[in-house]
Amino acid sequence: MKVLILGSGGREHTLAWKIAQSDKLTKLYAAPGNAGTAEVAQNISISVTDFPKLGQFVQEEEIDMLIVGPEAPLVEGVADYFADNEKLSHVKVIGPKKAGALLEGSKDYSKKFMVRHNIPAGASKTFTLETLESGYAFLELQKPPYVLKADGLAAGKGVLIINSLEEAKNSLKEMLSGQFGEASKSVLVEQFLDGIELSVFVITDGKNYVTLPEAKDYKRIGEGDTGLNTGGMGAISPVPFADAAFMAEIDKAIVKPTIDGLTKDGIDYVGFIFFGLIKVDGKPFVIEYNARMGDPETEVVIPRVKSDLLEILDLAGQGKLDQAKIEFEDCVTSTVMLVSGGYPEKYQNGKEITKVDTVEDVLPFHAGTTFSELGEVITNGGRVMALTGKGATMNEALAKSFAAAEAVQFDKKYYRKDIGFDL
Ligand code: GLY
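By the naming in an unreviewed UniProt entry, the chain goes by Phosphoribosylamine--glycine ligase and is assigned to Flammeovirga pectinis. The UniProt entry for the chain carries the following text under Sequence similarities (unreviewed entry): "Belongs to the GARS family." Taken directly from UniProt, the Catalytic activity (unreviewed entry) text for the chain runs: "5-phospho-beta-D-ribosylamine + glycine + ATP = N(1)-(5-phospho-beta-D-ribosyl)glycinamide + ADP + phosphate + H(+)".

Turning our attention to the overall build of the chain. Scanning the chain from terminus to terminus reveals twelve helices and 23 strands. A compact globule built from 423 residues should have a C-alpha radius of gyration of about 22 Å, and the chain, at 21 Å, falls within 12% of that. By principal-axis analysis of the C-alpha atoms, the chain measures approximately 60 × 50 × 45 Å. By residue count, 54% of the 423 residues in the chain fall in the buried class. On the chain, roughly 17,700 Å² of surface is accessible, and the fraction owed to carbon and sulfur atoms is 48%.

So, on to the UniProt feature "domain: ATP-grasp" (unreviewed entry) in the chain. Per the UniProt entry, the sites bearing "domain: ATP-grasp" (unreviewed entry) are residues 111–318 in this numbering. Here residues 111–318 is 31% helix and 30% strand, with 29 Å between the C-alpha atoms at its ends.

Glancing now at the site of the ligand. Close to the ligand lie D217, G231, F274, R292, G294, D295, P296 and E297, which account for all nearby residues. At 2.9 Å from an oxygen atom of the ligand is found a side-chain nitrogen or oxygen belonging to R292. Measuring from an oxygen atom of the ligand, one finds a backbone N or O atom of D295 at 2.9 Å. Within the complex, the protein chains bury 87% of what would otherwise be the 200 Å² of accessible surface of the ligand.

Over its 14 residues, helix α12 (residues 394–407) extends 20 Å from the first C-alpha to the last, a length consistent with the 20 Å expected when each residue adds 1.5 Å. Buried within α12 we find M394, A397, L398, S401, A404 and A405. For α12, the arc enclosing every buried residue in end-on projection is 130°, short of the 170-degree limit, so these residues lie on one face. Of the surrounding elements, those touching the buried residues of α12 are β15 (234–237), β18 (332–340), β19 (362–366), β22 (383–391) and β23 (413–414).

Okay, the nonpolar core next. Counting residues in each nonpolar core, the largest one holds 48 residues, and the members touching the most others are L4, L6, L66, L198 and F275. Sorting elements by how many residues they give to this core places helix α9 (residues 244–264) first, with eight residues. In contact with L66, not counting residues within four places along its chain, are L4, L6, V78, F82, V91, K92, V93 and I94. By size, the runner-up hydrophobic cluster in this structure holds 35 residues, among which are M65, F274, V300 and I302.

The rules behind each value
Residues numbered from 1 in each chain as written. Predicted model: local features only at pLDDT ≥ 70, side-chain atom pairs only at ≥ 80, totals over all residues. Heavy atoms only, no water. UniProt positions renumbered as here; feature names shortened; annotations may be inferred. Helix = DSSP H or I, 4+ residues; strand = E, 2+ residues; numbered from the N terminus. Rg over C-alpha atoms; globule rule 2.2 N^0.38 Å. Buried < 20%, exposed > 50% of the residue type's maximum accessible area, 1.4 Å probe, protein only. Areas by Shrake-Rupley, 256 points an atom, 1.4 Å probe, with all protein chains shown as cover. Near = heavy atom within 4 Å. Polar contact = N/O pair within 3.5 Å; in protein donor to acceptor, adjacent residues only side chain to side chain. Expected span 1.5 Å × (residues − 1). Arc of directions from axis to C-beta. Contact = heavy atoms within 4.5 Å. Core = buried A, V, L, I, M, F, W, Y, C linked by side-chain atoms within 4.5 Å.

Here it is, written out as structure tokens:
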């Protein structure tokens, strides 16, 4: 099979690394890819949202499968574009159409979906600038902390948790006045859930699903989970507090009702679903859905998959996921993300990355990397490289990730030294 992976982060390098090991693969491409995907695939300089160019390339190269990494092309309708074009409709697209991607693209839509299908989640109400006064009145009825969530995609920055009522009211007004552009033209005021978070992932063909190993990620820039939110600074899999009984409860109360809900709503969904969950008093609740894999969770989840991932995705594309057999390695994986100094605010690109070849027993998954004109590997983003270690225990895995994080060099490198601290 010929496969094209869309995206350029650590998630896409990890997927490319895994798929490159499949006997079913004849040729692998990444668009646009990074310096890491270039090791296992041919990088193609096409933007993830340039559907006509992607379609033309897929036709010319006779590509059989398109795996969509990030959310933007899904929400903009890449799967619909392929399905609606008679020369592309035979291509298996791993990623939902717009209607399914709305589970991530609109928090208001996903909340209504959860309510409709009795899926446990925090209560919420949605407001616009026209209903701002009702928003203030609603906030007055809530207890602190106040949770404000932008309805649309806001690159992981659209959730504010605020302790003071006055500040919450001001923030509601600012958000609705365009603080996050179009994404915050509608804002949800949501019940605060106090618990511990984890991420669960499935691959589905719309009827059947396979559940991947769960993971926990670390979103804040600072140690002890402090400071600004980032895309993710590290991750661990499995999650020690997610025992078999808790995972069975997640399956019964959340995963199965979600898949059944998609069927009942007539949403044809092929791809990954990422359940952002929180454990409160021993029970799981949904914080959010994403229509893709997590990053950096992919960097710890996929290295634990023993089976041929391409074979499983191929079955998903054929609607035959009930025939899939998936096996996982009984080990712990950890990843530590190296980021550019200044991230998630201002930072500089173009720093040469060295000593990656000196790291031992670690999988270095590239995120924001590219090649300089001289062919050196240089930084090209806030999150630069995820260093994944494997071990029999969490400490063994983390020791490998941290040793590699110390060894790899670039100017103004930063990483959190406390990944896993709370476990
Ligand atoms: N690590 C969180 C995300 O991928 O959205």
